[in-house]
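Working through the structure, step by step
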Amino acid sequence: VVRITHHSENGDRQVMAFLAPGDLVGLAEGGRYVNAAETLTPTTLYRFPLQELRDLLLQEAQLQLHMLVKAAHALRNAQRLIIMLGHQDAYRRLASFLLDLYHHVSFHESPNTIRLPMSRVDIADYLGASSETVTRAFAKLERNGLISRSSPRSLRINDLVGLMRLAQGHHSA
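Below, the structure is looked at part by part. Quantities reported herein were computed from a predicted structural model and do not represent experimental measurements.

**Section: the overall build of the protein**
Counting its secondary structure elements, the protein contains 6 helices and 7 strands. Helices and strands in the protein line up, N terminus first, as β-β-β-α-α-α-β-β-α-α-β-β-α. For the protein, the C-alpha atoms occupy an extent of roughly 55 × 40 × 30 Å along the three principal directions. Counting every position in the protein, which comprises 173 residues, the buried fraction comes to 32%. Long-range contacts, defined here as pairs at least 24 residues apart, represent 56% of the contacts in the protein between residues at least 6 apart. Looking at the protein as shown, the accessible area adds up to about 10700 Å², and 55% of this sits on carbon and sulfur atoms. Side-chain charges of the protein comprise 19 positive and 16 negative groups, with the mean position of each set lying 7 Å from the other.

Here is the structure:
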């Protein structure tokens, strides 16, 4: 898992994404990297010089399609994050985040159990909340029977339908 962050001029940090196996990272904007990438788990990265990547894409239609699908996926995730940050409270944002992890096989430990390779501070910086708010939201999810924590970095989804309803705004906060 790779954490992508952006640091503002005043030092504030925003976690932009948590990338999993198969995701793309490091595309420059005008020859400059505007975000930082840090590994959270053992990671193997493959580097392609831009010109070589362009040449390869011109030769391989399947690779073009794969890159387009990856780019569309990244755009969808960015759009979901914008909506989540703008329209949900921290409790619902955390529910949405946990569902995203649940639906990505890279975060599964066992059926209905997900591994959290990121810290509470990372999650808070991703969700646009304080770490205390995220801690309270985790506790509330647990109190309401939606999740149970087996360790600080592992949790079980006890009520998947309830978690989905909460993320969609159909459950009282």
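**Thoughts on the pairing of strand β6 (residues 147-151)**
Sheet analysis places β6 next to strand β7 (residues 154-157), joined by 4 bridges and oriented antiparallel. The residue bridging Arg149 from the neighbouring strand is Leu155, located in β7.

**So, the pattern of salt bridges**
Applying the stated criterion across every chain, the model contains 8 salt bridges. Residue Arg13 pairs with Asp122 through a salt bridge whose shortest N-O separation is 2.9 Å. One end of the pair, Arg13, is in strand β2 (residues 13-19); the other, Asp122, is in helix α4 (residues 120-127), with 109 residues separating them in the sequence. Classification of Arg13 as partly exposed rests on a relative accessible area of 24%. A relative accessible area of 4% means that Asp122 is categorised as buried. The partner of Asp125 in a salt bridge is Arg13, and the shortest N-O contact between them spans 2.6 Å. In this pair, Asp125 is assigned in helix α4 and Arg13 in strand β2, connecting sequence segments 112 residues apart. For Asp125, a relative accessible area of 18% corresponds to the buried category. Through salt bridges with shared partners, a single network forms among Arg3, Arg13, Glu38, Asp122 and Asp125.

**Notes on a nonpolar patch on the surface**
There is a patch of nonpolar side chains on the surface, built from Tyr46, Phe48 and Leu56 and spanning about 370 Å² of accessible area. Structurally, Phe48 can be placed in the loop between β3 (36-39) and α1 (50-59).

**Regarding the packing of aromatic side chains**
Applying the stated criterion across every chain yields a total of 3 aromatic pairs. Their ring planes at 50 degrees and their centres at 5.4 Å tell us that Phe97 and Tyr126 sit as a pair that is tilted. Here the residue Phe97 occupies a position in helix α3 (residues 90-102), and Tyr126 occupies one in helix α4, the gap between them amounting to 29 residues. The exposure class of Phe97 is buried, given its relative accessible area of 2%.

Definitions and limits used
- Residues numbered from 1 in each chain as written.
- Predicted model: local features only at pLDDT ≥ 70, side-chain atom pairs only at ≥ 80, totals over all residues.
- Heavy atoms only, no water.
- Helix = DSSP H or I, 4+ residues; strand = E, 2+ residues; numbered from the N terminus.
- Buried < 20%, exposed > 50% of the residue type's maximum accessible area, 1.4 Å probe, protein only.
- Contact = heavy atoms within 4.5 Å.
- Areas by Shrake-Rupley, 256 points an atom, 1.4 Å probe, with all protein chains shown as cover.
- Lys, Arg positive; Asp, Glu negative; His and termini not counted.
- Charge placed at Lys NZ, Arg CZ, Asp CG, Glu CD.
- Pairing = 2+ DSSP bridges.
- Salt bridge = Lys/Arg side-chain N within 4 Å of Asp/Glu carboxyl O.
- Patch = residues over 30% accessible without salt bridge, like charges linked within 9 Å, V, L, I, M, F, W, Y side chains within 5 Å.
- Phe/Tyr/Trp six-rings, centres within 6.5 Å; stacked < 30°, edge-to-face > 60°.

Interpretation note: all reported values are geometric properties and have no functional meaning in isolation.
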